[in-house]
Structures are given as structure tokens and as C-alpha cells.
Amino acid sequence: MELRLLSLVETALHQTGSIYTGDEVSFHCPICNLEMEKKKLVVNLNRDSNRFGYWHCWNCRESMGTGGKTIYSLFKKINTNQTSFSKLNELLSENHIKLHNTVEKKYDDIKLPNEFISLAFKRFSPEYNNAFSYLIKRGVTYNDIITYNIGYCESGIYGKRIIVPSYDENGLLNYFISRSYYKNAYRKYKNPIVDKNSIIFFESHINYNFPLLLVEGVFDAIAAKRNAIPLIGKTIGTELRKKIITNKIKTIYLSLDSDAIKTSIKYINEFMSNGIEVKLVKLNKNDPSDVGYKNFIQLYNNAETMDFSELIKLKLSV
């Protein structure tokens, strides 16, 4: 066992490790902070193992992948000081551990474009009129524009695009969607590159004391007006999973597109196994933004509560 690496990890995590197997030492995970009475984060310290210097957490799955990830990625997540990084590099280099696969992807700094213009204030501009008209056709109201601070850009890299910002629970910008308001645009969306596992879109508007509604897109969430979180796709990120568990969410409404039945089944299984009631909002081939607020609320109120038999029926329909 590499005792120098053990000492370095214990210092970084501010805790003493426990022997997990002959190769591994376990710790409380500082990332998910779940089940603190159990040590779910495991580090391999056997220099003869092809997994030496790798870690994974059985609880939050933050490090899932082939063999987990190197300690370098863990140190970055917990903001370890530079001295510890240097010592870690030396230890892993001595044991021929390559760090190239742990270098995190470069993400954009999240700030609204310099050219951002709020649509809440009338402008005598053809671009303003086109952007505003696009939103109205998508079912977005003037109150929605104010509520979500929706704007647009007339120029720059996000020129001729709607900008829909997202703010975290502390009111800080964590992402934004950029969508062309012209039908024949080469690219409909041009969004910042971020770690989507770490953000919850529209979190500043979410009350975790009430049922959550998970939808695919931002316009779906705006149209639904029901404590809705857009997944910006079909994947539930790590941070959202953590918030669902830590806030002890009792009911989740799931409203994904009809082409995402398999994904819906996966999430229904996952939530039900965690004791969460799941209600499926069936949209047929529409989105909430296509259905409209009044019709969507009717579907929302009539959503089916999923149980084992309903889940089997859903699986057979695929």
C-alpha cells in the first residue's frame, strides 16, 4: 500500500481512511455528503494494481467510468491547494499514472453576452420585433419575459438569438440558452460549454417543498409554469439527483417527449426504487410548449401515478 498517497488523501479530505479491501481505503464522500455514517468513497492504493491512484463513490456515482477516475479529479472537485496537487503529481508520475485522461474539459465562463438586450423594454428595432414575435408564437408571455429575464442579441457570436438565462438557488447565473428566432438558421441553438452535471436550470424558481416537474427544454418549463426544471436534453445531472435526494422530494412529474420512452422508463425505475412517487404526463407527440398552458395543466392534473403494473405496460409499448 502506498502510504504517502494515503497520507496525502487523508490530509486533503480531513479524515482518516478505513481499510476497504487489501487494495483500497474508504472515506466519507465530500461531494455527495450522503449517508455520512458510511464510507462510500474508495481509493485504490496498491501500486501493483492497474487501478492504483483511482477513486470512486458508490453512492453519488460522481466518478463512474472504467475503473473510476484518478485522485487528481477528486482533488479538483474539492479545491485542494496547489501544494497537494504538486505532491500528487509527483506520486502518480513515479508510478507511471497518466493524468491526461483526468484533465477536465475546458468550460466557458458563464456570463451574459455583452450584447444582451432585455426584451422587457420596448425597442424600435426590427430585430427586437422578430425576437419578441418568436417568443409570443412559442407561448411565452410578457410576464414570462420579465420573470425569466429573457433577452436577445442583435450582434456578436449570439447575434439574432433569444437568450434565456438560468440562475441557481442563490440567484447567480449558472447557464443560458441561446436560440435563433429565425426558422432557417444554420444552427438553432448555440449554448455555452458547461458541466451540465453541476447545474440545475431555473433553480432560482424552484421550491423543493413541492412536487417537481421534469421537462426537456426551457420553453417547455416556461409553458408548464409548475415548479418545472428543464433537463436541457434527456439527462438528469448529478447535482439535480443530489438535490432530489437531500430535499426528500416525495413526488416527481415526468414529461419527456414521446421519443424518450426508454429514458422515461429508466428514470421511473430509479425514482420508484428510491421511494419517490412518479406521475407520467403523456404528451403524445407534442411538447408542453406546443400543447399550451391550459391544455398542459389538464394533462398534468390527469397524470398517471406509476406503479409496477403501469411500468410493465410502458415497457411493452416500446
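Higher on the page you've got the structure.
The shown structure was predicted, so the numbers you read here are calculated from the model rather than taken from an experiment. (Residues numbered from 1 in each chain as written. Predicted model: local features only at pLDDT ≥ 70, side-chain atom pairs only at ≥ 80, totals over all residues. Heavy atoms only, no water.)

Participant: Please set out a nonpolar patch on the surface residue by residue, giving values where relevant.
Facilitator: Taken together, the side chains of F308, I312 and L316 make up a nonpolar region of the molecular surface, amounting to roughly 350 Å² of accessible area. The residue F308 is located in helix α11 (residues 308-316) in this model. (Patch = residues over 30% accessible without salt bridge, like charges linked within 9 Å, V, L, I, M, F, W, Y side chains within 5 Å. Areas by Shrake-Rupley, 256 points an atom, 1.4 Å probe, with all protein chains shown as cover. Salt bridge = Lys/Arg side-chain N within 4 Å of Asp/Glu carboxyl O. Helix = DSSP H or I, 4+ residues; strand = E, 2+ residues; numbered from the N terminus.)

Participant: Go over the pattern of salt bridges with me, naming the residues and quoting the values.
Facilitator: By the definition in use, this model includes eight salt bridges. A salt bridge links K242 to E239, with the shortest nitrogen-to-oxygen separation between them at 3.7 Å. Here K242 and its partner E239 are both found in helix α7 (residues 238-246), three residues apart, which amounts to about one turn of the helix. Residue class for K242 comes out partly exposed when judged on its relative accessible area of 23%. In this structure, a network of salt bridges that share partners links the residues E169, E203, E239, K242 and K243. (Buried < 20%, exposed > 50% of the residue type's maximum accessible area, 1.4 Å probe, protein only.)

Participant: Describe in detail the packing of aromatic side chains, supporting the description with residues and values.
Facilitator: Here the structure, examined in full by the defined rule, presents eleven aromatic pairs. Between the aromatic rings of Y128 and F132, the centroid separation amounts to 5.8 Å while the plane-to-plane angle is 15°, which identifies the pairing as stacked. One end of the pair, Y128, and the other, F132, are both in helix α4 (residues 126-137), four residues apart, so they sit about a helical turn from each other. With a centroid separation of 5.2 Å and an interplanar angle of 80°, the aromatic rings of Y158 and F176 are classed as edge-to-face. Of this pair, Y158 sits in the loop between β7 (151-153) and β8 (161-167) while F176 sits in strand β9 (residues 173-180), and the two are 18 residues apart along the sequence. F176 gets classed as buried once you look at its relative accessible area, which sits at 3%. By way of ring pairs, the aromatic residues Y148, Y175, F201 and F202 are connected into one cluster. (Phe/Tyr/Trp six-rings, centres within 6.5 Å; stacked < 30°, edge-to-face > 60°.)

Participant: So what's going on with the sheet that holds strand β14 (residues 304-305)? Which residues, and what values?
Facilitator: Spatially, the five strands line up as an open sheet ordered β11-β10-β12-β13-β14, and their pairing is mixed. Edge positions in the open sheet fall to β11 (228-230) and β14, since each of these has one partner strand only. Direction of pairing for strand β10 (residues 212-215) relative to strand β12 (residues 251-255): parallel, over a ladder of four bridges. Across the sheet, the residue bridging to L214 is L254, located in β12. (Pairing = 2+ DSSP bridges.)

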